[in-house]
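Architecture at a glance
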Amino acid sequence: MSASIIDGKALSEAVKSEVSTRVQALKARGITPGLAVVLVGEDPASQVYVRNKAAACEKAGLNSRVIRLDGDITEDALLDIVRELNTDNEIHGILVQLPLPRHMNSARVIETIAAEKDVDGFHISNAGLLMTGQPLFRPCTPYGVMKMLESENVSLWGAEAVVVGASNIVGKPMAMLMLAAGATVTLCNSKTRDLAAQTRRADVLVVATGKPGMVTGDMIKPGATVIDVGINRTEQGKLVGDVDFESAVKVAGRITPVPGGVGPMTIAMLLVNTLEAAERSAA
Ligand code: NDP
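Keep in mind it's a predicted model, so treat the numbers as computed, not measured.

Here we look at the overall build of the chain
- Across its full length, the chain carries 10 helices and 11 strands.
- Compactness check: the chain gives a C-alpha radius of gyration of 19 Å against a globular reference of 19 Å for 283 residues, within 12% of the reference.
- If you line up the chain on its principal axes, its C-alpha atoms span 50 × 40 × 40 Å.
- Counting all 283 residues of the chain, 49% fall into the buried class.
- Considering only intrachain contacts with a sequence separation of at least 6, the fraction spanning at least 24 residues in the chain is 69%.
- Side-chain charges in the chain split into 28 positive and 31 negative, and the spacing between the mean points of these groups amounts to 3 Å.

Topic: the site of the ligand
- Not every one of the 24 residues close to the ligand is listed here, only the nearest: A166, S167, S190, K191 and T266.
- Note that an oxygen atom of the ligand is positioned 2.5 Å from one of the side-chain N or O atoms of S167.
- Within the side chain of T266, an N or O atom sits 2.8 Å from an oxygen atom of the ligand.
- Relative to its unbound accessible area of 940 Å², the ligand is 70% covered by the protein chains.

Some remarks on the sheet that holds strand β11 (residues 254–255)
- Strands sit in the order β1-β11-β8-β7-β5-β6 across an open sheet of 6 strands; the sheet is parallel. The sheet is open, and its two borders are formed by β1 (4–5) and β6 (184–188), each paired with just one other strand.
- Where β1 meets β11, 2 bridges bridge the pair, whose relative direction is parallel. Across the sheet, residue I5 finds its bridge partner in β11, namely I255.

Remarks on the packing of aromatic side chains
- A complete count under the given rule lists 0 aromatic pairs for this structure.
- When the ring centre of Y143 is taken as origin, the NZ or CZ atom of R138, which lies over that ring, is 5.3 Å away.

Focus on the sheet that holds strand β4 (residues 93–96)
- The strand order across the open sheet built from 3 strands is β3-β2-β4, with neighbouring strands paired in parallel fashion. Strands with a single pairing partner mark the edges of an open sheet, and in this sheet they are β3 (63–69) and β4. Strand after strand, the sheet turns through a mean of 15° between neighbouring axes, direction not considered.
- Running over the sheet, helix α2 (residues 44–60) touches β2 (34–40), β3 and β4 and is turned about 160° from β3.

Here we look at the pairing of strand β5 (residues 160–164)
- Of all the 5 residues making up β5, 4 are buried; the element is thus mostly covered by neighbouring parts of the structure.
- Following the backbone out of β5, through helix α7 (residues 171–180) and into the adjacent parallel β6, one traces a crossover that is right-handed.

A short note on the state of the cysteines
- For the coordinates displayed, the defined rule picks out 0 disulfides.
- Not engaged in a disulfide, the cysteine C140 finds its nearest cysteine sulfur in C57; these two sulfurs lie 11 Å apart.

Side note on the domain arrangement of the chain
- Structurally, the chain comprises domain 1 (30–114) and domain 2 (140–263).
- Taking the mean C-alpha position of each, domain 1 and domain 2 sit 28 Å from one another.

Some details on the environment of A166
- On the secondary structure map, A166 appears in the loop between β5 and α7.
- Taking relative accessible area as the criterion, A166 reaches 29% and is therefore assigned partly exposed.
- Each C-alpha atom of the pair A166 and V207 lies 9.6 Å from the other, and the pair is 41 residues apart in sequence.
- Sequence-distant contacts of A166, that is, excluding residues within four places in its chain, are made with G171, K172, L187, C188 and N189.

Examining unusual backbone geometry
- Geometrically, the link from L98 to P99 is a cis peptide bond, its omega value of 0° lying close to zero.
- Structurally, the position occupied by P99 is in the loop between β4 and α4 (106–112).
- Going from V258 to P259, the amide bond is cis rather than trans, its omega being 0°.
- Even without being glycine, N153 reaches a positive phi, approximately 55°.
- Structurally, N153 is set in the loop between α6 (140–151) and β5.
- Look at N153 and you get exposed, because its relative accessible area is 70%.
- In this structure, D194 is a non-glycine residue whose phi angle is positive, near 50°.
- Checked against the element boundaries, D194 lands in the loop between β6 and α8 (195–199).

Remarks on the packing of helix α1 (residues 8–28) against helix α10 (residues 262–282)
- The geometry of α1 relative to α10 is characterised by a closest axis approach of 9 Å and an angle of 20° between their N-to-C directions. Between α1 and α10, the crossing angle belongs to the class labelled roughly parallel. Every pair of crossing elements has a handedness; the one defined by α1 and α10 is left-handed. The residues of α10 that touch α1, namely those facing G8, K9, L11, S12, V15, K16, V19, R22, V23 and L26, are P264, M265, A268, M269, L271, V272, L275, E276, A278, E279 and A282.

Calculation notes
- Residues numbered from 1 in each chain as written.
- Predicted model: local features only at pLDDT ≥ 70, side-chain atom pairs only at ≥ 80, totals over all residues.
- Heavy atoms only, no water.
- Helix = DSSP H or I, 4+ residues; strand = E, 2+ residues; numbered from the N terminus.
- Rg over C-alpha atoms; globule rule 2.2 N^0.38 Å.
- Buried < 20%, exposed > 50% of the residue type's maximum accessible area, 1.4 Å probe, protein only.
- Contact = heavy atoms within 4.5 Å.
- Lys, Arg positive; Asp, Glu negative; His and termini not counted.
- Charge placed at Lys NZ, Arg CZ, Asp CG, Glu CD.
- Near = heavy atom within 4 Å.
- Polar contact = N/O pair within 3.5 Å; in protein donor to acceptor, adjacent residues only side chain to side chain.
- Areas by Shrake-Rupley, 256 points an atom, 1.4 Å probe, with all protein chains shown as cover.
- Pairing = 2+ DSSP bridges.
- Phe/Tyr/Trp six-rings, centres within 6.5 Å; stacked < 30°, edge-to-face > 60°.
- Lys NZ or Arg CZ within 6 Å of the ring centre and 35° of its normal.
- Axes fitted to C-alpha atoms, helices over the stretch in contact; angles between N-to-C directions.
- Right-handed = clockwise from strand over helix to strand, strands pointing away.
- Disulfide = S-S within 2.5 Å.
- Domains from an automatic or database assignment.
- Parallel < 35°, antiparallel > 145°, perpendicular 65-115°, else oblique.
- Left-handed = near helix turned anticlockwise from the far one by under 90°.

Below you can see the structure in the form of structure tokens.
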């Protein structure tokens, strides 16, 4: 048996084309959705992410404004820039690319973004809304995973869902979204005893640890849906996930590839969140 591959690239194109149609409708009312992306410093991976986000905006008809700042800018100066964007009527979504340089307090920077423009969904009030089942913005990566599960008709109602990795940006919101969809959710971290015993129960297994290939085929329930959020670069420069694809594909029922799985969906959902912020501002 070999799992069917969930094509995140194709699905992301479909989502972006839907966004593009809704952007045209909003433009007809005189509003062009605008996303501001703030990049501090020279982190090479961040530079690529920011470029991709800006290009995706342009292609779908949204405005994007990339604000590149020196790595030694003070936190106060960055906060002033964020506050200006908060009151800028042309900007509906604000994203500060993480990680920030060490001398900055990321939580404070994120809390300074106006919650109604926080298209990453990381602001504490957006995290609270998600937690209480009334999300304003769903964080883009777990939102993209939910979209994938929906498009594959994977029912979460009553299902055993296991999330490996409990970060604020992926694992925790992922668990909340699946819980809200009716799953029984187990959230694992690096302290979990006997991880394989947890993962083997999963009908839906989401892995987001940043540890290349750590989930292997023998840790997967036959026929399970496996979502690999991980993006890791090997010494040879190859992109790999947190799931060992070779062994997992023989056991799973469905699986996402890396690259071409969750990654493209994350950007597509950022466009959805920005569009919806603009639609709300126009309502
Ligand atoms: P973090 O480093 O913030 O969190 C990692 C989580 O994994 C922590 O909760 C940690 O546990 C847990 N963990 C680490 N090792 C193990 C282990 N051996 N067993 C069980 N749990 C473990 O990572 P992120 O959530 O930011 O990112 C995770 C991965 O997803 C990375 O590869 C990242 O590149 C990728 N990513 C991909 C995106 C996409 O668009 N596809 C978007 C964002 C991230 P503990 O809490 O105990 O430390």
